[in-house]
Amino acid sequence: MPVEVRLKEIRNERRISQNELARRLEMSLANIQKIEYGKAKSIPLETLDKLCQILECEVGDLLVRVPDKDGGSSEKEQKVVQVADEVKEGKISKLNSKSTNASAMIAV
């Protein structure tokens, strides 16, 4: 998996239970668990924004690129890394629902 979601680690650091996070996100517990266990196929930008607000963190704290064993990466993986880097560098300051559509989802 080229991108690791660090939701569980950050959630535990903030002492927020899965149930509490699900309630605050207005999301099912099962969806929180899918994200934490790396089973989610994608995470909408709007959800990432809400997670960051609740957990008081940045997108780059939640998403961490794990290099492939062979060191290569696909074009899609490079785009995810580019977006995460731009968020970290402040080039993208706010993720909002206007930028959220089917093509603007980050696959994990």
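Not measured: the values here are computed from a predicted model.

This part is about the overall build of the protein. Along its length, the protein carries six helices and four strands. Of the regular secondary structure in the protein, the N- to C-terminal order runs β-α-α-α-β-α-α-β-α-β. Evaluated residue by residue, the protein yields a buried proportion of 34% over its 108 residues. Considering only residue pairs separated by 6 or more positions, the protein has 69% of its internal contacts joining residues 24 or more positions apart. Within the structure as shown, the protein displays about 6900 Å² of accessible surface, and the carbon and sulfur contribution to it stands at 46%.

A separate point is the packing of helix 2 (residues 18–25) against helix 4 (residues 45–55). Relative orientation of the contacting elements helix 2 and helix 4 amounts to 120 degrees, with a least axis distance of 10 Å. By the angle between their axes, helix 2 is oblique relative to helix 4. Judged by the sense of rotation from one axis to the other, the crossing of helix 2 with helix 4 is right-handed. Here Leu-21, Arg-24 and Leu-25 of helix 2 come into contact with helix 4, specifically with Lys-50, Leu-51 and Ile-54.

Turning to the nonpolar core, a few remarks are in order. One finds Leu-7, Leu-21, Leu-48, Leu-51, Leu-55 and Leu-62 to be the most contacted residues of the largest nonpolar core, which totals 25 residues. Within the residue set of this core, elements represented by two or more residues are strand 1 (3–5), helix 1 (7–13), helix 2, helix 3 (29–36), helix 4, helix 5 (59–62) and helix 6 (75–88). For this core, the leading source of residues is helix 4, giving six residues.

Attention now moves to the packing of helix 2 against helix 3. Interhelical geometry of helix 2 versus helix 3 gives an angle of 115 degrees and a closest axis separation of 9 Å. Our classification of the angle between helix 2 and helix 3 gives roughly perpendicular. Between helix 2 and helix 3 lies a crossing of right-handed hand. Contacts between helix 2 and helix 3 involve Gln-18, Asn-19, Leu-21, Ala-22 and Leu-25 from the former and Leu-29, Ile-32, Gln-33 and Glu-36 from the latter. Split by residue class, the contact of helix 2 with helix 3 holds five nonpolar, three polar and one charged.

Turning to the confidence of the model for the protein, a few remarks are in order. Regions with low pLDDT should not have their predicted coordinates read in detail. Within the protein, residue pLDDT values average 82, and 76% of them lie at 70 or more. Ranking the elements of the protein by mean pLDDT puts strand 4 (residues 106–107) last with 51 and helix 2 first with 97. Note on residues 97–104: pLDDT is under 50 here. Beyond four places in sequence and across chains, it has seven contacts.

Cut-off values and rules
Residues numbered from 1 in each chain as written. Predicted model: local features only at pLDDT ≥ 70, side-chain atom pairs only at ≥ 80, totals over all residues. Heavy atoms only, no water. Helix = DSSP H or I, 4+ residues; strand = E, 2+ residues; numbered from the N terminus. Buried < 20%, exposed > 50% of the residue type's maximum accessible area, 1.4 Å probe, protein only. Contact = heavy atoms within 4.5 Å. Areas by Shrake-Rupley, 256 points an atom, 1.4 Å probe, with all protein chains shown as cover. Axes fitted to C-alpha atoms, helices over the stretch in contact; angles between N-to-C directions. Parallel < 35°, antiparallel > 145°, perpendicular 65-115°, else oblique. Left-handed = near helix turned anticlockwise from the far one by under 90°. Core = buried A, V, L, I, M, F, W, Y, C linked by side-chain atoms within 4.5 Å. Nonpolar A, V, L, I, M, F, W, Y, C, P; charged D, E, K, R; others polar. pLDDT = per-residue confidence, 0-100.

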